[in-house]
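If you want the building blocks of each chain, they are given just below.
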Amino acid sequence: MSDFTFWDIVRNLLTGLQWTLALSLVAFIGGGLIGLLIMVMRISKNALPRNVARTYIELFQGTPLLMQLFLVFFGVALAGVEISAWMAAAIALTLFTSAYLAEIWRGCVDSIPNGQWEASSSLALNPLEQLRYVILPQALRIAVAPTVGFSVQVVKGTAVTSIIGFTELTKTGGMLANATFEPFMVYGLVALGYFLLCYPLSLSARYLERRLHASA
C-alpha cells in the first residue's frame, strides 16, 4: 500500500467526497433556480420565451455533458478569461441540470388538468398567481420522485468533471489507486462514498411523497 495507511486513504477520499457534495449542491440549487425560470418560459403563452426555453432545453439535453465541460473550461479561456476547474465544473453542471429540471417540472405542470387553470382564473388570479397558488402545489406531489431521481444522477455526474482536472471523489480515487496499487479497495470505498450521498436522497423522496400525499 506504499506509504499510505488505510486511514490516509479514507481521509483523502473524504476530502474528495466533500468536493463532490459541494459541486452537487451548487449544481442542483443553481440548476433548480434557472430551471424554474426556464420552465415558466416553457409554458408561457408568448411564443418568444417559449421558443427560447425550448431551444435552451434541446441544446443542453442534446449534447453530452463532457462536451459542455470542455466548451466552458477551454472556450472561456480562449476568450481570454481564466477560470478554475471548479468554476467551470459548477457552471457546466448547473446549466446541464437546469435544462433537465425545467423539462421534468414542465411535464409535471402539464399533467395538471386544464380545469384547474380555468378554476383558478375564475378567482381573478393572474397566470403567475395561478401557477404559484394552484398549479405548483399539485405538480409538486408529482415532481418529487423524478426530481430526486435526477438529483442522484447529478451526484454521479460529478465524476465526469475529473476530465478537466477537478479533483472530486472519482478523481481522488483514481490518484489513490495509482499511488497505492490497491484499486479494488480504493474504488470500493469510492462506490461506498457515492452510495452514502445518494441513498439519503432516495429516503428523503419517500418521506416527502408520504407527507405530500397525507396532506393532500
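Residues numbered from 1 in each chain as written. Predicted model: local features only at pLDDT ≥ 70, side-chain atom pairs only at ≥ 80, totals over all residues. Heavy atoms only, no water.

Colleague: How should I be thinking about the nonpolar core in this particular structure?
Modeller: Formed by 36 residues in total, the largest nonpolar core has its most connected members in Ile-38, Leu-93 and Ile-164. Counting only elements with at least two residues in this core, the list comes to helix H1 (6–42), helix H2 (47–61), helix H3 (65–78), helix H4 (85–110) and helix H6 (127–157). Look past the residues within four positions of Ile-38 in its chain and what remains in contact with it is Ala-53, Tyr-56, Ile-57 and Ala-102. (Core = buried A, V, L, I, M, F, W, Y, C linked by side-chain atoms within 4.5 Å. Buried < 20%, exposed > 50% of the residue type's maximum accessible area, 1.4 Å probe, protein only. Helix = DSSP H or I, 4+ residues; strand = E, 2+ residues; numbered from the N terminus. Contact = heavy atoms within 4.5 Å.)

Colleague: What should I look at first to understand the pattern of salt bridges in this one?
Modeller: A complete count under the given rule lists 4 salt bridges for this structure. The partner of Asp-8 in a salt bridge is Arg-11, with the nearest N and O atoms 2.3 Å apart. Placement of the pair is Asp-8 and Arg-11 together in helix H1, with a separation of 3 residues, close to one helical turn. Ionic pairing is found between Arg-106 and Asp-110, a salt bridge with its closest N-O pair at 2.8 Å. Here Asp-110 and Arg-106 lie together in helix H4, a separation of 4 residues that amounts to about one turn. Taking the relative accessible area as the measure of exposure, Arg-106 reaches 19% and is therefore buried. (Salt bridge = Lys/Arg side-chain N within 4 Å of Asp/Glu carboxyl O.)

Colleague: Explain the UniProt feature "domain: ABC transmembrane type-1" (unreviewed entry) in the chain to me, please; I cannot follow it from the model alone.
Modeller: Taken from the UniProt record, the annotation "domain: ABC transmembrane type-1" (unreviewed entry) applies to residues 17–205. Helix makes up 82% of residues 17–205 and strand 0%, and the two end C-alpha atoms of the span are 22 Å apart. (UniProt positions renumbered as here; feature names shortened; annotations may be inferred.)

Colleague: For this particular structure, what's the right way to read unusual backbone geometry?
Modeller: Most peptide bonds take the trans configuration, and most residues that are not glycine carry a negative phi. Phi angles above zero are rare outside glycine, and Phe-181 is one such case at about 60 degrees. Mapped onto the elements of the fold, Phe-181 is located in the loop between helix H7 (169–180) and helix H8 (183–215).

Colleague: Explanation requested: the UniProt feature "transmembrane region" (unreviewed entry) in the chain in the structure shown.
Modeller: According to UniProt, the "transmembrane region" (unreviewed entry) feature falls on residues 20–43, 55–77, 83–102, 142–164 and 184–203. The span residues 83–102 is 90% helical and 0% strand by assignment, and the distance between its end C-alpha atoms comes to 27 Å.

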